[in-house]
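# Descriptive structure summary
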Amino acid sequence: MFIPIDQPFDLESTLHSGQAFRWRWDGGWHHGVVFSNVVRLRQAEGGLELSCEPDDEAALWPLLEDYLGLDVDLARVYSALGVDSRLRDAIARYHGMRVLRQDPWECLVSFICSSASNIPRITRNIESICQAYGRPVGTGTAMRHAFPTPDRLSRAGEAPLRALGLGYRGAYIAETAGAVAGGAIDLMSLREEPYEQALETLTDLAGVGDKVANCVLLFSLDKLEAFPVDVWVDRVLREWYLDGEAEPVARPKMRPWAQAHFGAYAGYANHYLFHDRRLRGKGLGTG
DNA sequence: AGCCAGGCCCTCC
DNA sequence: GGAGGGCCTGGC
């Protein structure tokens with residue numbers, strides 16, 4: 001099914017910029033698992049091509065459109081952010097890259113897994129979790145597994161999760177799954193809450209500090225002002241933005257600084273700077 | 001061999 | 001409140 005897109009949209013950068021971990025590229029199509037469907041997407045002239053199973057393409061598309069963040073007016077985001085040359089360069093390189101609006105539960109577990117890790121390993125970890133506990137989706141060689149429910153991971157417990165190669169993150173996931181499954185926290189309702197309040201709620205969960213919480217807020221909870229500071233963003237800020245500050249800005253103060261500096265779309269700035277830094281290497285210096 | 005990685009948590013000051 | 005060390009596993 002062909003879907004016309006009249007907004008700026010870079011599918012490749014959107015799906016492979018480290019915000020989601022279940023998309024693969026087979027040389028022609030991006031395929032992943034969302035909304036309990038095996039979904040195939042490819043960028044085409046003037047839009048996207050979509051195929052999925054088991055649902056009907058036309059029925060799934062509205063959900064996918066929301067997932068891909070296509071409702072966000074990127075021109076507005078860019079003009080709000082495009083005040084400095086560094087950011088403008090990154091935006092030009094990955095023009096059309098969007099922040100996804102993922103399922104909060106899958107996003108939460110994914111970023112708990114990200115602690116002291118790297119993208120290839122996170123990707124393996126998440127796939128292992130799905131294969132072990134997720135419902136099969138799709139058929140034949142296209143068969144994948146849905147992301148398991150909180151209840152399923154809660155009942156699995158720490159030891160089997162560790163056995164999947166998650167390390168100490170297994171304990172965090174088991175405990176957080178219990179809190180979500182038991183109704184102590186309603187992730188989806190955080191979309192309706194203000195940023196600060198949702199942040200506090202999330203950081204009460206095991207394995208969720210300021211960085212992980214901000215990833216979840218940005219990539220799944222509709223909080224475009226969220227600003228996760230990891231080592232990559234730390235370097236970018238230090239070298240490109242904080243150089244001229246009178247007082248040194250320590251790591252815990254970087255997020256508030258950046259949110260004040262970049263404004264309501266700080267999260268978009270974050271993602272472009274992060275992606276640019278990661279793709280173009282760490283040896284950029286101040287150039 | 002030893003260090004560090006897309007952090008978090010706990011302890012101690 | 002903030003600095004420092006430990007933690008699983010894997011890759012260099």
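Residues numbered from 1 in each chain as written. Chains lettered and ligands numbered in written order. Predicted model: local features only at pLDDT ≥ 70, side-chain atom pairs only at ≥ 80, totals over all residues. Heavy atoms only, no water.

### Overview of the pairing of strand 3 (residues 30-34)
- For strand 3, the buried fraction is high: four of the five residues fall into the buried class.
- Connecting strand 2 (residues 24-25) to the antiparallel partner strand 3 that follows it, the hairpin turn spans four residues, and Gly27 within it adopts a positive phi of roughly 105°.
- Sheet topology places strand 3 next to strand 4 (residues 37-44); five bridges connect them, and they run antiparallel. Following the sheet pairing, His31 is matched in strand 4 by Arg40. (Buried < 20%, exposed > 50% of the residue type's maximum accessible area, 1.4 Å probe, protein only. Helix = DSSP H or I, 4+ residues; strand = E, 2+ residues; numbered from the N terminus. Pairing = 2+ DSSP bridges.)

### Structural notes on the protein's contact with DNA strand C
- Taken together, Arg121, Arg124, Arg162, Gly165, Gly167, Tyr168 and Arg169 make up all the residues around DNA strand C.
- Sugar plus phosphate, as a fraction of atoms of DNA strand C within 4 Å of the protein: 61%.
- The separation between a sugar or linking oxygen of DNA strand C and a polar main-chain atom of Tyr168 is 3.2 Å.
- Residue Arg169 places a side-chain N or O atom 2.7 Å away from a base oxygen belonging to DNA strand C. (Near = heavy atom within 4 Å. Polar contact = N/O pair within 3.5 Å; in protein donor to acceptor, adjacent residues only side chain to side chain.)

### Details of the nonpolar core
- In this structure, Leu202, Leu237, Phe262, Tyr268 and Tyr272 are the most contacted members of the largest nonpolar core, which totals 72 residues.
- Sequence-distant contacts of Tyr268, defined by excluding residues within four places in its chain, comprise Val72, Leu74, Val77, Leu81, Met97, Arg98, Val99 and Leu224.
- Formed by 20 residues, the second largest nonpolar core is a distinct cluster that contains Phe9, Val34, Leu48 and Leu100. (Core = buried A, V, L, I, M, F, W, Y, C linked by side-chain atoms within 4.5 Å. Contact = heavy atoms within 4.5 Å.)

### Regarding the protein's contact with DNA strand B
- Of all residues adjacent to DNA strand B, which total 23 residues, the nearest are Gly18, Phe111, Ile119, Gly207 and Gly209.
- Backbone atoms, meaning sugar and phosphate, form 63% of the atoms of DNA strand B found within 4 Å of the protein.
- One nitrogen or oxygen atom from the main chain of Gly18 is found 2.6 Å from a base nitrogen belonging to DNA strand B.
- A distance of 3.2 Å is found between a base nitrogen of DNA strand B and a side-chain nitrogen or oxygen belonging to Ser115.
- If you list the elements that add at least two residues to the surface near DNA strand B, you get helix 11 (210-220) and helix 12 (231-241).
- For the surface near DNA strand B, the element with the most residues is helix 11, which contributes four residues.

### Considering the pattern of salt bridges
- As enumerated under the stated definition, the model contains 15 salt bridges in all.
- Between Asp71 and Arg101 there is a salt bridge, with the nearest N and O atoms lying 3.1 Å from each other. With Asp71 in the loop between helix 2 (57-67) and helix 3 (74-81) and Arg101 in the loop between helix 4 (85-93) and helix 5 (104-113), this pair connects stretches of sequence that are 30 residues apart.
- For Asp71, a relative accessible area of 52% gives the class exposed.
- The exposure class of Arg101 is buried, given its relative accessible area of 10%.
- Each of Arg22, Arg24, Glu127 and Arg144 takes part in salt bridges that share partners, so that together they form one network. (Salt bridge = Lys/Arg side-chain N within 4 Å of Asp/Glu carboxyl O.)

### Section: the domain arrangement of chain A
- Here the domain parsing of chain A yields domain 1 (2-93), domain 2 (104-220) and domain 3 (231-280).
- One C-alpha centre belongs to domain 2, the other to domain 3, and the line joining them spans 26 Å.
- Each partner contributes residues to the interface: domain 2 has seven residues there, and domain 3 has five residues.
- Of the roughly 460 Å² buried between domain 2 and domain 3 on both sides combined, carbon and sulfur atoms contribute 57%.
- In this assembly, domain 2 and domain 3 are joined by one salt bridge.
- Of the charged contacts, one joins Arg255 and Asp210 as a salt bridge, the two residues approaching to 2.8 Å between their closest N and O atoms. (Domains from an automatic or database assignment. Buried area = accessible area lost by both parts, 1.4 Å probe.)

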